[in-house]
Amino acid sequence: MSSSKQITFNRRSFLKTSALAGGGMLIGFNLFNACSNNAKLPVDISKLNYNDFNAFIKISDEGKVTIFSPNPEIGQGVKTAMPMLIAEELDVAWEDVYVQQGKLDTKNYTRQVAGGSQSIRRSWQPLREVGATARQMLVNAAAAQWGVDASTCKVDKGIITNAKGEQLTYGNVVKAAALLDIPETIQLKDPKNFSIVGKGKGNVDIDKIITGQPLFGLDYKAEGMQYASVLRPPAFGKTLETFDATATKAVAGVTDVIKFGDKIGVIATNTWAAMKGKKALVAQWKQTKPAESTADHDKKLVALLNSDDLKIRRKDGNVKQAFATADKIIERTYEAPFLPHNCMEPMNFFANVTPEKIYLVGPIQTPEGTARGVAKKLNRDESEVDLQMTRMGGGFGRRLRGDFVLEAAELSHRTKKPIKLVYSREDDMTAGVYRPSSKYKLTASIKDGALTGYRLQEACVNANMYGLIPNFFPAGALEHYQVESGQIKSNISTGAWRAPYTNFLASAEQSFFDELAEALGTDRVALHMQLLDKVKQNPNPKIKYSPERLQGVLQSVAKVSNWGNAPEGVYQGLSVYYCHNTHVAEVADIIMDNGTPVVKKVSCVVDCGIVVNPLGAMNQIKGGILDGIGHTMYADFSFKDGTPSSKNFDTYKLIRMAQTPRIDVHFIESQEDPTGLGEPTLPPIGAAVANAIYKATGQRLTKQPYEKALLENKAKVLG
Amino acid sequence: MLKIEVMPTYNLKINGKSHTVNADEDTPLLWVLRDQLDLVGTKFGCGIGQCGACTIHVDGHATRSCLTQISEAETMEITTIEGLSKTGEHPVQQAWKTIDVPQCGYCQSGQIMTAAAFLKSNTNPSNEAIRTAMNGNICRCASYNSIEDAVKLASEQINNPQKA
């Protein structure tokens, strides 16, 4: 396969260069506008700044390169991986590259969101083009100085060599390069020749992290800053009636108590005083909206699943007919609870609302929308908002919602002080934007020893699966296939949680397939291989997953996990899934320890195209799997009269080291463009674990968390 | 209304240096470190001693700073992540870097402090012992495999510095 790609720009305007007054060269570009045709960038190069470009590279006259990474870092590694793409094509030594978080530009950012495992997939081509363009300009400058043709020059790690063996460094020619025109034609490297991409690069913030330097939103401080803690309604559906702040005001360090909406903000000179002051508030609440409980949701969701009110999302053939003529029908309903995100760094944000500008600093996955929301809330112009992103102590979807930024801004606006709003863990878990609880009913028909029909019905709180999902596997594999969904409304706030919908749907479907394989008397791997063969025979443009790549990960995982040949006492469960453009197969090995299943090992095969940063990729893959196991097994969360069942880690169980299996990761070798890894390894693991538990115990688990389900089953047996 | 606030004074010994602070007697050491002394490497995670993000060393032992009141801290020899080594050269910190442990990184100073104290008491731990010792520290990104490997690597480097 070839090889290095020659690219001719017809959108040169996405990139601008200029000479720096103090020496060196600046290359500004608008990363994601580069992919669209309506890029509007200023022509006047003297105005090159953050307001025109969302990312840029600075090359100093010593040849050192600073890359401003435009996407928010939530732990998924883009702050390392995205600059790797630039550095690769720029052909500099990674040691000479310094990475800094870019600032928000609300006008020109088109995709500065961390979510959906899209950062790398979307930036792969444009970032490489930027790096290659800069390299070409530097080479052109050197060639001009030597009076030779640029094509006769070679570059290695920032050193340009001509045919005679003479050398110039990037630093030597950067001044001249800055004055050159942007080249129309550039050459991208053949991925085979990558020296940075594909090689493990450590986290760029590692030194700061291991020595405890300020990095996160919670660490940010400003002159005169005060701390705020907010009392919010104790239950969804309640509003504030009256309150008494006498005891709060007596707390040393408390300076202000501010009622805003149904909330009360306590402002103090230190975090502890603000938290203590909040605890001392005496508030009366009244029920103004329904007090909802999980038991009621469950009844409504089941009723919805059994009604005719679901909307058809995809329909192939006629499942009803397939079911009517079947030899056997298998039906199961799978259930999942609400989930809080529980980022280790609780929600927090700094706001300083001044007459001239609104300064916002902190951890947020959606800087653009949040800045706009603050401007709207305070009736100010968006251009007056200056939002600076910090590293985030986890996101998992929670930091897509900027509700806490609005609170911080409002408190600063009211007090006219710079304010750092800090959530306690209890605030974080009770004022959540939860993964909605959901139920999936799966029905399949078997006739003459073959699978003939498949029906997936979804009932979910406040939301439904996004449009791509009905086209995921097994769509395309069966003549009679139908997906339906419906929702019930709730006043509990819900939103995205790592791998939305698929985080549980994959558990349901891949558990169901285990049962189907058993009913058919077929091995799991063989069943999937057959079904995927059918997809290959009937190509369908709506189907985005690749049957070949799914078969590839499946066959590979069977091999590396020694599928079907587990040693005595080890029980294996398999799961294979496609989401977020990545194909993944996983096998969980469990043993029984005193009657309790323990996951000892997970084998995982991932096809994500070219692996940009193997170290970072490995972290995402293993983290996704362990996060998935933890929530599948332990996450017990419900509501009673609008109040969450857990408020902190004493009652809410997150996975800890003693419960973690070792994870054996393999990549499919590929020259395909890279796809994201922040999410795709999480969804399949729940079913791999459940299927292994079935083999060990004979119990088909359908209701998460599974640890609780196992205990309940045990109690039933003991009577 | 003017509030007259007289807060007690405490003398603390942190990272080998003396500090004098004024704080309410029930203030957790965590917030004194973070808000008053700018030692923000010690993190707030849960406030009830469940997650370990706020782990510091008190007289060499891993201790939750969120549960340590300032009024009991005067007699303590306190070490925070900032004082574990001068520039990050402690074998545990170096192992964290070699393995590239962090994802979001927020819990890692607590993890490092727990591991460093543990390796003083058990210089040649089994993986089982590591898993037990580290079980009090939550990593929400679930970088547990890497943490386990890094603690093991650090113990090897402590035992055989030449090799490192």
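Residues numbered from 1 in each chain as written. Chains lettered and ligands numbered in written order. Predicted model: local features only at pLDDT ≥ 70, side-chain atom pairs only at ≥ 80, totals over all residues. Heavy atoms only, no water.

### Quick word on the overall build of chain A
Step number 1: The helix and strand tally for chain A stands at 17 helices and 30 strands.
Step number 2: Taken as a whole, chain A presents about 27,100 Å² of accessible surface, with 49% of it coming from carbon and sulfur. (Helix = DSSP H or I, 4+ residues; strand = E, 2+ residues; numbered from the N terminus. Areas by Shrake-Rupley, 256 points an atom, 1.4 Å probe, with all protein chains shown as cover.)

### What about the side chain of Ser437 of chain A?
Step number 1: Considering the arrangement of structural elements, one finds Ser437 of chain A in the loop between α11 (425–430) and β22 (438–447).
Step number 2: If sequence neighbours within four positions are ignored, Ser437 of chain A has contacts with Leu301, Ala336, Pro337, Phe338, Cys460 and Val461 of chain A. (Contact = heavy atoms within 4.5 Å.)

### Thoughts on the nonpolar core
Step number 1: If you look at the biggest cluster of nonpolar residues, it comprises 132 residues, and the most contacted ones within it are Leu360, Leu411 and Ile629 of chain A together with Trp96, Tyr144, Ile147 and Val151 of chain B.
Step number 2: For this core, the leading source of residues is helix α16 (residues 682–697) of chain A, giving eight residues.
Step number 3: For Ile629 of chain A, the residues in contact, after removing those within four places along its chain, are Val599, Val602, Ile655, Pro661, Ile685 and Val689 of chain A.
Step number 4: Of all hydrophobic cores here, the second largest spans 53 residues; its members include Tyr454, Phe473, Val483 and Tyr578 of chain A. (Core = buried A, V, L, I, M, F, W, Y, C linked by side-chain atoms within 4.5 Å. Buried < 20%, exposed > 50% of the residue type's maximum accessible area, 1.4 Å probe, protein only.)

### What about the interface of chain A and chain B?
Bring the parts together and some accessible area is lost; that lost area is often taken as the interface size.
Step number 1: Listed as interface residues are 65 residues of chain A and, on the opposing side, 56 residues of chain B.
Step number 2: At the junction of chain A and chain B, the tally comes to nine salt bridges.
Step number 3: A salt bridge links Arg34 of chain B to Asp219 of chain A, with the shortest nitrogen-to-oxygen separation between them at 3.0 Å.
Step number 4: For the side of chain A that touches chain B, the secondary-structure elements that each account for two or more residues are α4 (206–211), α6 (271–279), α11, α15 (614–634) and β30 (662–667) of chain A. (Salt bridge = Lys/Arg side-chain N within 4 Å of Asp/Glu carboxyl O.)

### Some thoughts on the packing of α15 of chain A against helix α17 (residues 706–718) of chain A
Residue and element names in this part refer to chain A.
Step number 1: Orientation of α15 relative to α17, taken along the N-to-C sense of each, is 35 degrees, at an axis distance of 4 Å. Across the interface between the two elements, Thr632, Met633 and Tyr634 of α15 pack against Tyr706, Glu707, Lys708 and Leu710 of α17.
Step number 2: Taken together, the residues that form the contact of α15 with α17 break down as four nonpolar, one polar and two charged. (Axes fitted to C-alpha atoms, helices over the stretch in contact; angles between N-to-C directions. Nonpolar A, V, L, I, M, F, W, Y, C, P; charged D, E, K, R; others polar.)

### Notes on the sheet that holds strand β9 (residues 167–169) of chain A
Two modes of strand pairing occur in sheets, parallel and antiparallel, and in both the strands are linked by backbone hydrogen bonds.
All names here are of chain A.
Step number 1: On the basis of which strands lie adjacent, the open sheet formed by three strands has the order β7-β8-β9 and antiparallel pairing. Edge positions in the sheet fall to β7 (154–156) and β9, since each of these pairs with one other strand and no more. Within this sheet the neighbouring strands show an average axis-to-axis angle of 25 degrees, counted without direction.
Step number 2: Where β7 and strand β8 (residues 159–161) come together, three bridges link them in antiparallel fashion. Residue Lys154 lies in a different strand from β8, and its bridge partner there is Thr161. (Pairing = 2+ DSSP bridges.)

### Comments concerning the packing of aromatic side chains
All names here are of chain A.
Step number 1: All chains considered together, the criterion is met by 23 aromatic pairs over all chains.
Step number 2: By the ring-pair criterion, three or more aromatic residues cluster together here, those being Tyr454, Phe472, Phe473, Tyr481, Phe512, Phe513, Tyr545, Tyr577 and Tyr578.
Step number 3: Its guanidinium or amino end placed over the ring of Trp497, Arg435 lies 5.9 Å from that ring's centre, counting from NZ or CZ.
Step number 4: The ring of Tyr694 has Arg700 sitting right over it, with the charged end atom 3.5 Å from the ring centre. (Phe/Tyr/Trp six-rings, centres within 6.5 Å; stacked < 30°, edge-to-face > 60°. Lys NZ or Arg CZ within 6 Å of the ring centre and 35° of its normal.)

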